[in-house]
Amino acid sequence: MPKVRTNRVKYPEGWELIEPTLRELDGKMREAELDPHDGKRKCEALWPIFKITHQKSRYVYDLFYRRNEISKELYEFCLDQGYGDRNLIAKWKKFDLWMSQVASLGSYTLFVFQFDAHPGYERLCCLRCIQPRDHNFGTTCVCRVPKHLREEKVVECVHCGCGGCASGD
């Protein structure tokens with residue numbers, strides 16, 4: 001006789017601490033998906049979804065890498081269940097690794113590495129903003145340009161509605 005499979009998910013230890021926040025963000029996501037988009041451009045209808053996805057990913061990232069409040073097992077569980085964008089978190093993590101290496105080398109080395117390394121991903125809003133194939137002239141999104149270098153002062157990204165995620169802002 002074959003085994004009966006159930007759809008039960010085994011939650012790791014510590015899940016009950018972060019579950020209310022993630023459920024609340026899931027509720028906001030449902031509202032954003034069901035929100036009527038009459039009178040909006042096609043891309044504008046997706047902006048709230050991108051923002052909530054960014055919030056969920058940032059929440060999971062901060063809990064694991066910044067505050068060290070969740071275990072590796074719970075972190076991997078959250079990513080596997082879709083509570084965070086693994087690729088976006090990888091970009092944020094690159095910046096943290098760069099900062100930890102520079103901080104361990106001292107202040108003199110900070111000046112030397114300042115021009116060699118270009119982290120720039122610590123505030124990245126979405127991955128579409130850094131993909132050259134999605135933009136004119138093979139560049140990145142306008143939200144990646146620091147505010148002091150922009151011709152227009154108020155800019156919104158076409159993909160996700162970001163007002164500016166450059167590291168120099």
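Residues numbered from 1 in each chain as written. Predicted model: local features only at pLDDT ≥ 70, side-chain atom pairs only at ≥ 80, totals over all residues. Heavy atoms only, no water.

For clarity, the threshold we go by: UniProt positions are given in the numbering used here, feature names are shortened, and annotations may be inferred rather than shown by experiment.
You'll find the chain entered in an unreviewed UniProt entry as G10 protein, with Salix brachista given as the organism. For the record of the chain, the UniProt heading Subcellular location (unreviewed entry) holds the text "Nucleus".

## Details of the packing of aromatic side chains
Defined as follows: Side-chain rings of Phe, Tyr and Trp (the six-membered ring for Trp) are treated as a pair once their centres are within 6.5 Å; stacked means planes under 30 degrees apart, edge-to-face means over 60, and tilted covers the remaining angles. Charges are assigned to positions over rings by a cutoff of 6 Å between ring centre and Lys NZ or Arg CZ, combined with an angular limit of 35 degrees from the ring normal.
Counted under the stated rule, the structure contains 9 aromatic pairs. Between the aromatic rings of Tyr-11 and Trp-15, the centroid separation amounts to 5.2 Å while the plane-to-plane angle is 10°, which identifies the pairing as stacked. By way of ring pairs, the aromatic residues Tyr-61, Phe-64, Tyr-65, Tyr-75 and Trp-92 are connected into one cluster. For Arg-58, the ring lying beneath its charged end belongs to Trp-92, and the centroid distance is 4.4 Å.

## With respect to helix α2 (residues 47-66)
Formally: The way it works is that DSSP assigns letters per residue, a run of H or I at least four long becomes a helix, a run of E at least two long becomes a strand, and they are numbered from the N terminus. Working rule for helices: expected span equals 1.5 Å times residues minus one. The buried label goes to any residue with under 20% of its type's maximum accessible area, the exposed label to any with over 50%, and the partly exposed label to all in between, with areas taken from a 1.4 Å probe on protein chains only.
Under the 1.5 Å per step criterion, the end-to-end length of α2 is 26 Å for 20 residues, consistent within 8% with the ideal 28 Å. Buried residues of α2: Trp-47, Ile-52, Lys-56, Ser-57, Arg-58, Tyr-59, Val-60, Tyr-61, Leu-63 and Phe-64, and no others. Asn-68 sits one or two residues past α2 and shows a positive phi near 55°.

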